[in-house]
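Coordinates in review
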2 protein chains.
Amino acid sequence: MVTASRPLRADAARNRDKLLAAATELFAERGLDVPLEHIARRAEVSIGTLYKHFPTRDDFVASIFPQRLAALDVIGEKALAEQDPWQAFAGYLEDLYALQAEDRGLNDVLTRALPDAPQVVAACHRGAGHAEVLIGRALAAGVLRADYSIADLATLTRAMAQVIRDSPDQWRRFLSIYAEGLRA
Amino acid sequence: MVTASRPLRADAARNRDKLLAAATELFAERGLDVPLEHIARRAEVSIGTLYKHFPTRDDFVASIFPQRLAALDVIGEKALAEQDPWQAFAGYLEDLYALQAEDRGLNDVLTRALPDAPQVVAACHRGAGHAEVLIGRALAAGVLRADYSIADLATLTRAMAQVIRDSPDQWRRFLSIYAEGLRA
DNA sequence: CGTTAAGTCGAGGGTGACCTCAACTTTTGT
DNA sequence: ACAAAAGTTGAGGTCACCCTCGACTTAACG
C-alpha cells in the first residue's frame, strides 16, 4: 500500500519543517513531555496546524528519532571494530551514555516504554543486538563477570538516565565505578 | 514562642488522624505526588477539611516523615555497631535501599529536593552523618576506593531510586555490582 | 485571473489538579 | 439548653494541558 499522496503544498511543507525543527530542539532540551503548545509556539505556527501535521506526540517521535538513533549504530559499529573485548564494551557504554547526556529526549526514549513507532523500536533492537555481541565477546574473553546479561544493561541504562538528569557532571564517574564492578 | 493553642475538637482530631493515615498509605503506595484529592477521598473527608488541617503538601510530609526517617537512625546505629568496616558500609547501603524499596514516598523524599520541613531535613542530615562516619572508617581501613565521598553516595541514591521504581526485583543485584566497583 | 482544494487559525470544550470561601453543622462550656 | 467557637462541606474559580472544528486564507493549476 503505497501512500503516494500529492506532495505537500509549499506553505505546508515550510510549516512542517518549522514544527520538526522546534520539536527537535525542545525534545532535546526538555524531554519528550514538553507541551505540544510550546512546540507550536516555537515553530510560530498555530496549535491547529501542529495537529494537522502531527496528530499525536508519537508522530513527532517517529519523525525525529530514527535519524537520531542512527548514532546508536555508529557507536555500535565503532565498538565492534575495537579488538580488546573489555575496551569495546566499556567504550560502548561510555559512548551510549554520552549520547543520552546530550539529548534529554533520547534519554527519555531509551528509558521509558518505547513509543509505538516501528522505526524507533527497530533502531533500539539493533542497538540491543550490538550490545549483546559486545557482552558475548567480553564474556568469552573472561573479562566480564560471568553472569552479566543484557537485562543488566537495561537496568543500568535507566539508572544512568536518572544520574544524567540529576547530575550531568557526575555520570562518567558513576559509570566508571559501576564498570569496575563489572570486570571478571 | 510556644504555640499553646487550644486542643483540637474531638471531630477535628478524628479527621486529622484519618487524613494522616490516608496520606501515609498513599505516599507509600504512590509517592509524594499523589493528588491531595485522593487523600481526602481515602480519608472520607472533604477537600476543604484537608486544607484546613494541612494547608500544603509539605505539612503532610512534615507530619509523616520524621517518624519514618527514624528508621534511618536505626540502620545507621546498626551499621556503626558492626566491626568489619566493609561489612558495615555495604550493609548500610543494603538496608538503606531496602527502606527505599518499601516506601515510594521515602524514595521520593530521599531523591528529590528536600521538602522544607526542618525535622525532615534534620533526619536526613543525621543519616548523612552516619554515612560519613561509615565511609571514613572504610577508607581508613583501606577497603573502599580512596576517592569515594558522600557525594557519590548521593548520586548512587538517586540512581537506586530509579532502579527501585523500574525494577523492584533487580535493585539488589544492581547494588551488588556497583558495590564490587567500590572495593579498594 | 479565478476556482477550489489544501492548509491555517484560534476560540473553545474537556480533563484533572490546585485551592478558597460562604453557608451549614457540631462540639464545647456555661 | 443555648450561644459562640470551631470545624466541615462542596461548588466553583484558576490553571495548564489536551484536542477539535468551522470559518478564514492561500497556493496551485487551468
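Given the structure is predicted, the values throughout are model-derived calculations rather than measurements. (Residues numbered from 1 in each chain as written. Chains lettered and ligands numbered in written order. Predicted model: local features only at pLDDT ≥ 70, side-chain atom pairs only at ≥ 80, totals over all residues. Heavy atoms only, no water.)

Thoughts on the UniProt feature "DNA-binding region" (unreviewed entry) in chain A
Our working definition: UniProt positions are given in the numbering used here, feature names are shortened, and annotations may be inferred rather than shown by experiment. A helix here means a DSSP run of H or I that spans at least four residues, while a strand means a run of E at least two residues long, and both kinds are numbered starting from the N terminus.
In this numbering, the UniProt entry assigns the feature "DNA-binding region" (unreviewed entry) to residues 35–54 of chain A. Within the segment residues 35–54 of chain A, helix and strand shares are 75% and 0% respectively, and the terminal C-alpha atoms sit 13 Å apart.

Topic: the relation of the copies chain B and chain A
Rules: Only residues with pLDDT of at least 70 in both copies contribute their C-alpha atoms to the least-squares superposition of the copies. Residues are treated as being in contact if the distance between any of their heavy atoms lies within 4.5 Å.
Expressed as a screw transformation, the operator carrying chain B onto chain A has a rotation angle of 180 degrees and an axial translation of 0.0 Å, and the superposed copies differ by an RMSD of 0.1 Å. The superposition of one copy onto the other is thereby described by a two-fold rotation axis. Of the C-alpha atoms belonging to chain B, the one lying closest to the rotation axis is found on B:Gly181, 1.8 Å away. Interface overlap between copies: 95% of the residues of chain B at the interface are likewise at the interface in chain A, consistent with a symmetric, same-surface contact.

Quick word on the pattern of salt bridges
Put simply, the test is: Only one rule defines a salt bridge in this text: a Lys or Arg side-chain nitrogen within 4 Å of an Asp or Glu carboxyl oxygen.
Counted according to the given criterion, the structure contains 30 salt bridges over all chains. Where B:Asp166 meets A:Arg158, a salt bridge forms, and the shortest distance between an N and an O atom there is 3.3 Å. Placement of B:Asp166 in helix H8 (residues 150–166) and of A:Arg158 in helix H8 (residues 150–166) is noted, with the two residues assigned to different chains. Here the salt bridges do not stand alone but share partners, grouping A:Asp33, A:Arg104, A:Asp108, A:Arg112 and A:Arg165 into one network.

Overview of the protein's contact with DNA strand C
To keep things clear, this is the line we draw: Nearness here has a simple test: a residue counts as near a molecule or strand if at least one of its heavy atoms is within 4 Å of that partner. N or O atoms within 3.5 Å of each other form a polar contact, as long as, within protein, one can give a hydrogen and the other can take it, and as long as residues adjacent in sequence are counted only when both atoms are side-chain atoms. For this classification, Asp, Glu, Lys and Arg are treated as charged, while Ala, Val, Leu, Ile, Met, Phe, Trp, Tyr, Cys and Pro are nonpolar and the rest, including Gly, are polar.
Residues in contact with DNA strand C amount to 21 residues; listed here are only the nearest, A:Arg9, A:Asn15, A:Thr49, B:Tyr51 and B:Arg57. A distance of 3.0 Å is found between a phosphate oxygen of DNA strand C and a side-chain nitrogen or oxygen belonging to A:Thr49. The contact in question runs from a phosphate oxygen of DNA strand C to an N or O atom on the backbone of B:Leu36, over 3.1 Å. Of the residues that constitute the surface near DNA strand C, the class distribution is 8 nonpolar, 6 polar and 7 charged.

Some thoughts on the environment of A:Asp95
Residue and element names in this part refer to chain A. Our working rule: Relative accessibility thresholds used throughout: buried, under 20% of the residue-type maximum; exposed, over 50%; partly exposed, between the two (1.4 Å probe, protein chains only).
With respect to the helices, strands and loops of the structure, Asp-95 is situated in helix H5 (residues 85–102). Using a relative accessible area of 18% as the deciding quantity, one classes Asp-95 as buried. A C-alpha to C-alpha distance of 35 Å links Asp-95 and Tyr-51, two positions 44 residues apart in sequence. Ignoring any residue separated from it by four or fewer positions in sequence, one finds Asp-95 in contact with Ile-75 and Lys-78.

Here's the deal with the interface of chain B and chain A
Short version of the rule: Put simply, buried area is the surface a 1.4 Å probe can reach on two separate parts but cannot reach once they are joined, added for both.
The interface of chain B with chain A comprises 22 residues on the first partner and 21 residues on the second. Between chain B and chain A lies a buried interface of about 1900 Å² when both sides are counted; carbon and sulfur atoms form 56% of it. Linking chain B to chain A there are 6 salt bridges. In this structure, the salt-bridge partner of A:Asp147 is B:Arg173, at a minimum N-O distance of 2.9 Å. Applying the counting criterion to the chain B and chain A interface returns 8 residue pairs in polar contact (both at pLDDT 80 or more). Looking at the side of chain B that touches chain A, the elements with two or more residues in it are H8 and helix H9 (171–180) of chain B.

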